[in-house]
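Residues per chain are reported as follows:
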Amino acid sequence: MRAGRSGSAVALAGALALGAYAAPYAAAADTGVTVSNLVVNKGKPVVVGTTAEVRPGFTFHMSLPSGVTADDVTPFPYLYHDTTAAKGAESGGIYTGFTSCSPAGPRAADCEGELYIDPRSRLDSNNDATTWKTAVWVRLWDSNENFKGEEYLTGFSSVQVKRAGKATVNASPEPVAKGGKITVTGRLTRADWVKHTYTGFGGKSAKLQFRKAGTSTYSTVKIVQADSAGYLKTTVTAAADGYWRWTYGETSTTGGATAAGDYVDVR
């Protein structure tokens, strides 16, 4: 929909791909609008699970040509990969949830908004855990709300989209005699966007960490590599009451994860 006279533009989720705007198509052309300082998710990777909708925020600055106000422009930031910006605006991208722009002078506007990601429909391959390009689809209207043209602006910083990870832990027996052996097990998993569930993160190394009761800091005890199904198992010597956990850092395709500490009473 067009911007209202308040100087804000709002888009429904997925409007880029769904063709929700009835204005006639026009070949991409120079609208005279420029966008700068586009920042998605505060410059951090976007981590997505299997069911929860994710709404990464974005901000950008928009400069306008003579005779054009913020009310005359609807800008839609989006992400795309393995295609062109124009094709990415039509299908296979991650699209705008909403955009709101406020005038920042007679020929400029500051904008903010959110992207919208539903992993059950937008991410259908684990290969989508990769580097996505960013673009802004700009649509221009005249004072009578007639469609004038559109343009796909590119050249902004890329965004990493990653599969969410999880880690579990179980330390036993509990209680245990001081000097006895504690077996610490767990599993590393990550979002599978094809199966829509969490599957084993095989071969990934994780840190086994311990926090002594009454303290607030975890220390790494050892590093263990998960088996092909993501399972972890090791033994340690019981020295004091405290909490055990597994943790692993993010990779190029997967976000990091840390299990909640499992308390063991040492007697």
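Quick note: structure is the one above.
Attention in this report is confined to the structure presented alongside it. Position labels on residues start from 1 in each chain and follow its written sequence. pLDDT decides what is reported in this predicted model: residues at 70 or higher carry local features, side-chain atom pairs at 80 or more are listed and counted, and totals for whole chains, interfaces and linings draw on all residues regardless. Side-chain metrics in this entry use all non-hydrogen atoms of the structure; hydrogen atoms and water are not considered.

Here a helix means four or more residues in a row that DSSP labels H or I, a strand means two or more in a row labelled E, and each is numbered from the N terminus. Looking only at helices and strands, the chain has 2 helices and 18 strands in total. Burial status across the chain gives 47% buried among its 267 residues. Whether two residues touch is decided by their heavy atoms; if any such pair falls within 4.5 Å, the residues are in contact. Taking the intrachain contacts of the chain between residues at least 6 apart in sequence as the baseline, contacts between residues at least 24 apart amount to 68%. Areas reported as accessible are Shrake-Rupley estimates using a 1.4 Å probe. Residue values count occlusion only from the protein chains shown. With the model as given, the accessible surface of the chain reaches about 12600 Å², and the carbon-plus-sulfur share is 48%. Partly exposed residues are those whose accessible area sits between 20% and 50% of the maximum for their type, while under 20% is buried and over 50% is exposed, using a 1.4 Å probe and protein chains only.

Two cysteine sulfurs form what is called a disulfide whenever their separation falls within 2.5 Å. Taken as a whole and judged by the stated rule, the model has 1 disulfide. Across the disulfide, Cys-101 is cross-linked to Cys-111 (sulfur-sulfur distance 2.0 Å). Around the S-S axis, the bridge from Cys-101 to Cys-111 shows a dihedral of about 115 degrees and counts as right-handed. With Cys-101 in strand β5 (residues 95–103) and Cys-111 in strand β6 (residues 108–116), this residue pair connects regions lying 10 residues apart in the sequence. Cys-111 carries the same exposure label as Cys-101, and that label is buried.

Glancing now at the pattern of salt bridges. For salt bridges, the criterion is a side-chain nitrogen of Lys or Arg within 4 Å of an Asp or Glu carboxyl oxygen. This structure, assessed with the given rule, holds 6 salt bridges. Among the salt bridges present, the one from Glu-53 reaches Arg-120, with a minimum N-O distance of 3.8 Å. Highlighted residues: Glu-53 in the loop between β2 (46–48) and β3 (57–63) and Arg-120 in the loop between β6 and β7 (131–141), separated in sequence by 67 residues. Overall, the relative accessible area of 47% leaves Arg-120 in the partly exposed class. Taking the shortest distance from any N to any O, the salt bridge between Glu-150 and Arg-139 comes out at 3.3 Å. Placement of the pair is Glu-150 in strand β8 (residues 147–153) and Arg-139 in strand β7, with a sequence separation of 11 residues. What you see here is one network of salt bridges that share partners, running through Glu-53, Arg-55, Asp-118 and Arg-120.

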